[in-house]
Amino acid sequence: VPPPKNTIFDGGVVWTTGGGSSSTWKIPSQTPPIFYCANYDLCTPWYAFDGTASDLIGKSIDFAGPGYGGGPWTFTIDLGESAVFTHWRVAGHQRYAMGAVELRYQRSTGQMVTVPGSNFTWDRLMGGLQSAAFEQPVTAQVWQVYIKTHSNPDMQSRYQLYLSEVQFGVLPTLPPSPSPP
């Protein structure tokens, strides 16, 4: 049986990507992109979930960094239906880098709460997709990337902050082992 569309098996986790322009995911709210994002094709929200098996990160979106008074930064994704996840991973840009980041989910009351175990500091020197495992599985329809800090001390880099990819993961369910005869 082929894997479902927009899934990637990597590191023992089944990762779900948004599927880019063909995605059914919606963005009910986000920090506005930087005012000149169109000059560089960095405004399109679904760029933050356009990764594929052959291009894990895809394109980026660009927020105003702390040099323009930006932060914290949020990016809210409505999957269209509830899903259970045990992991998440996120990528930024090594120059226009996020620092402390966490994932939140929306409770039935509408309140956004941090997923226990989701917070970490994105390492700009390592770059790429970096992940965290939740303390327990979480089921939700609406998820929010919450970026607390920018991490590059270079003053020129502090005018922008890129969000390059967000993916949600779950440990695969294995069939039960057969009982010994």
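Undergrad: Before we move on, could you go through the nonpolar core and cite the residues and values that matter?
TA: The biggest cluster of nonpolar side chains holds 33 residues, and the ones touching the most others in it are F75, W88, V90, W143, L163 and F168. If sequence neighbours within four positions are ignored, L163 has contacts with A48, S60, I61, F63, F75, V90, A91, M98 and I147.

Undergrad: Can you explain the pairing of strand β5 (residues 73-91)? Please cite residues and give values.
TA: Taking burial as the measure, the 19 residues of β5 include 14 buried ones, the bulk of the element. Across three bridges, the pairing between strand β3 (residues 26-30) and β5 is antiparallel. Bridge pairing in β5 links K26 to D78. In terms of strand pairing, β5 meets strand β9 (residues 130-147) through 13 bridges, oriented antiparallel. Across the sheet, D78 pairs through a bridge with V142, a residue of β9. As judged from the five bridges shared by β5 and strand β11 (residues 165-170), these two strands associate in the antiparallel manner. Across the sheet, residue R89 finds its bridge partner in β11, namely Q167.

Undergrad: If you had to explain the side chain of S164 to someone new, which residues and values would you point to?
TA: With respect to the helices and strands, the residue S164 is situated in the loop between β10 (160-163) and β11. Using a relative accessible area of 2% as the deciding quantity, one classes S164 as buried. A polar atom in the side chain of S164 sits 2.7 Å from the side chain of S60. Among the polar contacts made by the side chain of S164, one reaches the main-chain carbonyl oxygen of G92 at a distance of 3.2 Å. Beyond its immediate stretch of four places on either side in the chain, S164 contacts Y47, A48, D50, I57, K59, S60, A91, G92 and H93.

Undergrad: Requested: an account of the pattern of salt bridges, with residues and values cited.
TA: Considering all chains together, one arrives at five salt bridges under this definition. One salt bridge connects K59 with D41, and the closest N-O pair in it is separated by 3.1 Å. With a gap of 18 residues between them, K59 in the loop between β3 and β4 (61-64) and D41 in the loop between β3 and β4 connect regions that are remote in the sequence. Take K59: its relative accessible area is 40%, and that puts it in the partly exposed class.

Undergrad: Residues and numbers for the packing of aromatic side chains, please.
TA: Counted by the stated rule, this structure contains 15 aromatic pairs. Taken together, a centroid distance of 5.1 Å and an interplanar angle of 25° make the contact between Y96 and Y162 stacked. Residue Y96 is located in the loop between β5 and β6 (100-106), and its partner Y162 is located in strand β10; the two are separated by 66 residues in the primary sequence. Each member of the pair, Y96 together with Y162, is buried. What links up through ring pairs into an aromatic cluster is the set W25, F49, F75, F85, Y105, F134, W143 and F168. The ring of Y146 has R104 sitting right over it, with the charged end atom 3.5 Å from the ring centre.

Undergrad: Please set out the environment of V142 residue by residue, giving values where relevant.
TA: Structurally, the position occupied by V142 is in strand β9. Look at V142 and you get buried, because its relative accessible area is 9%. Separated by 66 residues in sequence, V142 and T76 place their C-alpha atoms 7.0 Å apart. Setting aside residues up to four positions removed in sequence, V142 forms contacts with T76, I77, D78, R104, Y105, Q106 and M112.

Undergrad: Can you explain the confidence of the model for the protein chain? Please cite residues and give values.
TA: Within the protein chain, residue pLDDT values average 91, and 93% of them lie at 70 or more. When pLDDT is averaged over each element of the protein chain, β6 comes out on top at 98 and strand β1 (residues 7-10) at the bottom at 90.

Calculation criteria
- Residues numbered from 1 in each chain as written.
- Predicted model: local features only at pLDDT ≥ 70, side-chain atom pairs only at ≥ 80, totals over all residues.
- Heavy atoms only, no water.
- Core = buried A, V, L, I, M, F, W, Y, C linked by side-chain atoms within 4.5 Å.
- Buried < 20%, exposed > 50% of the residue type's maximum accessible area, 1.4 Å probe, protein only.
- Contact = heavy atoms within 4.5 Å.
- Helix = DSSP H or I, 4+ residues; strand = E, 2+ residues; numbered from the N terminus.
- Pairing = 2+ DSSP bridges.
- Polar contact = N/O pair within 3.5 Å; in protein donor to acceptor, adjacent residues only side chain to side chain.
- Salt bridge = Lys/Arg side-chain N within 4 Å of Asp/Glu carboxyl O.
- Phe/Tyr/Trp six-rings, centres within 6.5 Å; stacked < 30°, edge-to-face > 60°.
- Lys NZ or Arg CZ within 6 Å of the ring centre and 35° of its normal.
- pLDDT = per-residue confidence, 0-100.

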